[in-house]
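Chain residues, written in single-letter form:
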Amino acid sequence: MGDTYAISFGIDGMSCASCVGRVQKRLQELEGVSEVSVNLATETARLRAGDADDVRSAVQAIDALGYPARTAEVVLSISSMSCASCVGRVEKALAALPGVVDVAVNLAAETARVRYLEGALSPERIAEAATRAGYPARIAQADAARSRAERQDAEAQALARRVAFAAALALPVFILEMGAHVIPGFHGLIHRTIGMQASWLIQFVLASLVLFGSGRQFFAKGIPALLKGAPDMNSLVAVGTGAAWSYSVVATFLPGLLPEGVRAVYYEAAAVIVVLILVGRWLEARAKGRTGAAIQSLLGLQAPRAVVLRGGEPVEIDAAELAVGDTVLLRPGARVPTDGVVLSGTGNVDESMITGEPLPVAKQAGDTVTGGTVNGTGSLQFRATRVGADTTLAQIIRMVEEAQGAKLPIQGLVDKVTLWFVPAVMLAAGLTVLAWLLFGPDPALTFALVAGVSVLIIACPCAMGLATPTSIMVGTGRAAEMGVLFRKGDALQALSEVEVVALDKTGTVTEGRPTLTDVVTAEGFERGEVLEKVAAVEALSEHPVAEAILRGARAEGVPVARAETFRSITGHGVAANVGGREVLVGADRLMEAEGIDITPLRATETALAAKGRTALYAAIGGRLAAVLAVADPVKPSSRAAIAALKAEGYHVAMITGDKRETAEAIAREVGIDEVIAGVLPDGKVAALDELAKGGRKLAFVGDGINDAPALARADVGIAIGTGTDVAIESADVVLMSGDLRGVVNAAHVSRRTMRNIRENLAWAFGYNVALIPVAAGVLYPSFGILLSPVFAAGAMALSSVSVLTNALRLRRTAPVLAEPATQTPAGTAAPRAQPAE
């Protein structure tokens, strides 16, 4: 397949794992569609498609199955259209977007009405497509498309109303039929007053209103699915309650068709089952809404309005209308509406939502600001550099949404089971009825009906379908609140299986901003001369050590000369001509390769390395000139984080290009046991292969700048972000906090989430395995216990709610290391940890 598009969109009508299985199977059968993943908790499908037509075919296919894709609508105001050809070009440009379902362009009104898949596109992106085609567009009216949280809240409220209506009607039915079990003489009272036939007629009317009013969705969806040979949970409920209701109707209106001993009605069972299942779905809808709380809190960080300069005057506009290059005014206390670069003014911006650091960051001209952060004091003017879907906050939201919609390998077992689960339950119910009719005591028909309906009602594919995705949603959302972004959903499971954590040194264990500490010259060279020439060479390098030497030279007031013919020798050092003389700066291997004798300063270099400093040789004009040392301070939280990882049972190693003496000094300081030193940038993958011997799962933690091959090689690549640089393509996990605390918290969330998933699956499968036989009547011969369909309905409703409630416990997951490490009186780092559940 050539170029493909990844697309995600919402789906209506999925109520259980069987629905998910059918939608997934149908999509996988389509030509041009691949990498299909359907998620019950988020009610979405994610797939790759060749073009927009393939997406539309997918939408039509699942719509024919009875699971329509959710759509939204936007109206665009379009300028520069002058004829029908323009209309055609605009329509073509918009229709080519994967996710657009329908386009109607009106030349006279200069508008385009676009219907698109909810979640697949944004109105801004649709407008951008028309603009790119040469017809500038802006959003005139965004659709009635509500956010997922608003929709789920509306669904929960609608369900609550249906529950109240159904319960009000079912209560009299229950009292009329079951009152005698609570009130002595109640049945006699019914006989003496309205009579039993009138009682049954009242029950018939009320139960019918419950079943075909509040419970109509079970029949509207379940019966067509059953007739297509693809029954779902709605089919189970429809057949079960329909059987109880139909039997009761025969007993009420055609009693002669039934033996006298089995003339009874089960209107109360049918009505109460519907009420209980609706209650379960209402609780489920409320809980589902809470699983997406993290996304909603992130969305809440987006500023709705912005003040921009138009013709030198401040104008307030919708933040969605911001364009790159706009000058934005930011007043004290205002939320930053988009990413940008400060042009003028000073301020203190709270960036805790990005970095997790509580202290405000001072901003002045040239500094960057990030959308969603909050300006504390001072006023700023900044130029918008990224808007809409390109902002850091939008990237974070997109990452979290993608991780929440991921399908983990553990879900494969569930998918296989659920494809045959509902048909198997219906078969089991049929066999149950047959067994009772053949072998059951009198009245066998009554027992057969009760047991068969109980089997249909008690089976709960919902719990099985929700077990994994709800835990993923809550776990990844909670991780995002801690500053841990799972870019790839399967990393959540992979991280829980990791045994070895390998750390890059510079920028990961250390600050990554070294400072010049020592310049020891050889005989015949002056400090100023050496610094002048070495700084001239390093001024042309981008390495952090080069920057440290350059800063040190400038701090001492040494003039920086001009270097020519600069060359960088990867893993060895740099060289250039300064004032007609060749200057070499680098490791001992560079000097040896160039025939420079380093013996006079070798002992000095070794001593500096033993102190944890990175020592470099400098040669001028073919002679050894000096040893320069830089120190890269360890991050305050590194020791505490490494101690926490070791306490959790991880083997921690450090990989670095530094000399062994330097690396071991750093390792001793932070408590790392294994060090792989002297590794060239292209040798990190080989080092990881060595650590992974014996089949050990491995995570690599790097800064994401030059660690891409190692991040990609590891079972889990963890990139330490810079607060705004979140789009690190090689990483599976991105840490916004900028230090190793995030690794500890990521591992903790991963393990807790996987444990939660296993608990949910154990409950979902165990519930069905244990209770379906009970509903069928296996306990009746020995104990005389036959489960009532009403109790079966209650158990089924509670099963899904139990899974969701267990998943929501992950919201209480506390960071293992919530704050930077502090210093104890003895001078050793001690973590300030919060207790973790």
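Position numbers for residues start from 1 in each chain and track the written sequence from start to end. pLDDT decides what is reported in this predicted model: residues at 70 or higher carry local features, side-chain atom pairs at 80 or more are listed and counted, and totals for whole chains, interfaces and linings draw on all residues regardless. Computation of side-chain values covers all heavy atoms of the structure but excludes hydrogens and water.

1. A few points about the domain arrangement of the protein
Stage number 1. Taken as a whole, the protein is organised into domain 1 (1-69), domain 2 (74-141), domain 3 (148-296), domain 4 (323-386), domain 5 (389-511 + 635-817) and domain 6 (515-631).
Stage number 2. For domain 4 versus domain 5, the distance between C-alpha centres works out to 36 Å. A domain assignment, automatic or from a database, supplies the domain bounds used here.

2. Focus: helix α25 (residues 684-691)
Stage number 1. Burial status follows relative accessibility: with a 1.4 Å probe on protein chains alone, a residue under 20% of its type maximum counts as buried, one over 50% as exposed, and anything between as partly exposed. Numbering of helices and strands runs from the N terminus, with a helix taken as a DSSP run of H or I at least four residues long and a strand as a DSSP run of E at least two residues long. Those residues of α25 lying buried are Lys 684, Ala 687, Leu 688 and Leu 691. With its buried residues spanning 100° around the axis, α25 presents them on a single face.
Stage number 2. For α25, the elements touching its buried residues are β18 (500-504), β25 (651-655), β26 (674-676), β27 (698-702) and α26 (708-713). Think of the arc as the fan of directions from the helix axis to the C-beta atoms. Throughout, a contact is declared for two residues whenever any of their heavy atoms are within 4.5 Å.

3. Focus: the packing of aromatic side chains
Stage number 1. Pairing of aromatic side chains here covers Phe, Tyr and the six-membered ring of Trp, requires ring centres within 6.5 Å, and sorts the geometry by plane angle: under 30 degrees stacked, over 60 edge-to-face, intermediate tilted. Counted by the stated rule, this structure contains 10 aromatic pairs.
Stage number 2. Look at Phe 212 and Trp 245: their rings are 5.2 Å apart centre to centre, the planes differ by 85°, and that puts the pair in the edge-to-face class. Taken together, the residues Phe 212 in helix α7 (residues 196-214) and Trp 245 in helix α9 (residues 233-253) connect sequence positions 33 residues apart.
Stage number 3. Looking at Phe 212, the relative accessible area reads 40%, which means it is partly exposed.
Stage number 4. Ring geometry for Phe 447 against Tyr 780: centres 5.3 Å apart, planes inclined by 55°, an arrangement best described as tilted.

4. Comments concerning empty space enclosed by the protein
Stage number 1. A cavity, in this analysis, means grid points on a 1 Å lattice covering only the protein atoms where a 1.4 Å probe fits yet has no way out; a pocket is instead an open set bounded by protein on both sides within 12 Å along at least five of seven lines, and a residue lines either one if it has an atom within 4 Å of a point. Grid points are joined across faces, edges and corners, and a volume is the space filled by probe spheres set on the points. In this structure the tally under the stated criterion is 4 cavities of 30 Å³ or more.
Stage number 2. Volume-wise, the largest cavity comes out at about 90 Å³.
Stage number 3. Forming the walls of the largest cavity are 15 residues, and the residues nearest its centre are Val 20, Val 38, Lys 407, Gln 411 and Pro 469.
Stage number 4. Elements supplying a minimum of two residues to the lining of the largest cavity: α1 (17-28), β2 (33-39), α14 (411-439) and α16 (461-481).
Stage number 5. Ranked by residues supplied to the lining of the largest cavity, first place goes to α16 with 4 residues.
Stage number 6. Amino acids outside the nonpolar list (Ala, Val, Leu, Ile, Met, Phe, Trp, Tyr, Cys, Pro) and the charged list (Asp, Glu, Lys, Arg) are all regarded as polar, and Gly is one of them. Of the residues assigned to the lining of the largest cavity, the class counts are 7 nonpolar, 6 polar and 2 charged.
Stage number 7. Counting the residues that make up the lining of the largest cavity, at least three belong to each of domain 1 (1-69) and domain 5 (389-511 + 635-817).
Stage number 8. Reported here for the second largest cavity is a volume of approximately 40 Å³.

5. Topic: the sheet that holds strand β12 (residues 347-350)
Stage number 1. Taken in spatial order, the 3 strands line up as β13-β12-β15 in an open sheet, and their pairing is antiparallel. Each having just a single partner strand, β13 (361-363) and β15 (374-375) make up the two edges of the open sheet.
Stage number 2. Pairing between strands is defined by DSSP: at least two bridges between the two strands are required. With 2 bridges joining them, β12 and β15 adopt antiparallel strand pairing. Across the sheet, the residue bridging to Asp 350 is Val 374, located in β15.

6. A few points about the environment of Asp 504
Stage number 1. Along the chain, Asp 504 falls in strand β18.
Stage number 2. Measuring from C-alpha to C-alpha, the distance between Asp 504 and Pro 773 comes to 55 Å, with 269 residues separating the pair along the chain.
Stage number 3. When neighbours within four sequence positions are excluded, Asp 504 is seen to be in contact with Val 509, Ile 655, Lys 684, Phe 700, Val 701, Gly 702, Asp 703 and Asp 707.
Stage number 4. Under the rule applied, a polar contact is a pair of N or O atoms within 3.5 Å (in protein, one hydrogen donor and one hydrogen acceptor; residues adjacent in sequence only if both atoms are side-chain atoms). Engagement of the side chain of Asp 504 in a polar contact is seen with the side chain of Lys 684, the distance being 3.0 Å.

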